[in-house]
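# Architecture at a glance
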Amino acid sequence: VSAGPTYEDIDPVRFIGNRSSGRMGFAVAEAAAQAGAKVTLISGPVNLPTPHGVDRVNVRSARQMCDAVLAVSGRSDIFISAAAVGDYRVEARSPTKLKKTGKPLSLELIQNPDILAEVAALPKRPFLVGFAAETKDVERYARDKLERKKLDMIAANLVGTDLGFESSENALLLLWQEGSEDLGQADKKVLARALVERIASRFHTSIDKVATE
Ligand code: CTP
């Protein structure tokens, strides 16, 4: 499970981050461990205790998260990508603190690796579950992401309201190739348990399908 934001450093004291608290990903890791899974939680910078029975790896940037995820994905059955990964990083991080010059400042941003895409390209790829935080047209954008990123399942939510980031509640819509289920609005821990149950069920269906082919 990946969780939390990533931070892309600009200089030794500044960074580009996002509003992810990590709570949804930590709740998913906890629920998966309680359900009997052996869980590695790869976390960006957050202020949360490690759930009981979970191995935790702390990272800062998207590239560090990508390396940490790839190090365990080859021997994992399921990867749940709950992290809010920064899509861009500053091309040239300044080794010293940037000073005001009185002129506008431009930062050249370059794209980070897409962690889900890298995991999807592994020869023995795990069952892939993505998250989609959208500000509108949740179902349409999420289904597009499910196809484009070749995911087995996606958990979509609307952000920009008082739900989602920085909140203890969330509202999730689950989508997979042949169907969907609205898990409704609830506390993130309650939703995480429901999500893990649905993932386990779809995961076993996919294994049974492969076995009979
Ligand atoms: N994700 C990832 N690596 C990235 C960015 C995102 O693995 N560099 C994962 C997230 O953890 C999440 C899913 O991709 O599970 C959706 O992230 P999002 O940023 O919404 O998807 P994008 O493809 O970047 O779509 P958008 O065009 O909305 O930015």
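In case you missed it, the structure is sitting above this.
The following refers to the structure shown.

It is worth spelling out the site of the ligand at this point. For the ligand, the set of nearby residues contains 13 residues, the closest of which are S81, A83, F131, K145 and K149. Within the contact set of the ligand, an oxygen atom lies 2.6 Å away from a side-chain nitrogen or oxygen of K145. For the ligand, the protein covers 78% of the area, taking 580 Å² as the surface of the free molecule. A molecule is said to occupy a pocket when more than half its atoms come within 2 Å of that pocket's grid points, and by this definition the ligand occupies the largest pocket. Residue classes in the shell around the ligand are distributed as 6 nonpolar, 2 polar and 5 charged.

Attention now moves to helix α2 (residues 62-73). When the terminal C-alpha atoms of α2 are compared, their 16 Å separation across 12 residues agrees well with the 16 Å that a helix rising 1.5 Å per residue should span. The set of residues buried in α2 consists of A62, M65, C66, A68, V69, V72 and S73. Buried positions along α2 lie against β1 (2-3), β2 (8-11), β4 (39-43), β5 (54-58), β6 (78-81) and α3 (115-120).

What the largest pocket holds in volume is close to 890 Å³. Every residue lining the largest pocket is counted, 41 residues in all, and those nearest its centre are A83, A84, V85, D87 and F131. In terms of residue class, the lining of the largest pocket is built from 18 nonpolar, 15 polar and 8 charged. Space inside the second largest pocket adds up to approximately 600 Å³. In terms of lining residues, the second largest pocket is bounded by 23 residues, among which A37, K38, V39, D77 and I78 are the most central. The set of elements that each furnish at least two residues to the lining of the second largest pocket consists of β4, α2, β6 and α5 (188-212). The greatest single-element share of the lining of the second largest pocket, amounting to 5 residues, is contributed by α5. Residue composition of the lining of the second largest pocket, grouped by class: 15 nonpolar, 5 polar and 3 charged.

Parameters at a glance
Residues numbered from 1 in each chain as written. Predicted model: local features only at pLDDT ≥ 70, side-chain atom pairs only at ≥ 80, totals over all residues. Heavy atoms only, no water. Near = heavy atom within 4 Å. Polar contact = N/O pair within 3.5 Å; in protein donor to acceptor, adjacent residues only side chain to side chain. Areas by Shrake-Rupley, 256 points an atom, 1.4 Å probe, with all protein chains shown as cover. 1 Å grid on protein atoms, 1.4 Å probe; cavity = no way out; pocket = protein on both sides within 12 Å on 5 of 7 lines; lining within 4 Å. Sits in = over half its atoms within 2 Å of the grid points. Nonpolar A, V, L, I, M, F, W, Y, C, P; charged D, E, K, R; others polar. Helix = DSSP H or I, 4+ residues; strand = E, 2+ residues; numbered from the N terminus. Expected span 1.5 Å × (residues − 1). Buried < 20%, exposed > 50% of the residue type's maximum accessible area, 1.4 Å probe, protein only. Contact = heavy atoms within 4.5 Å. Points joined across faces, edges and corners; volume = space filled by probe spheres on them.

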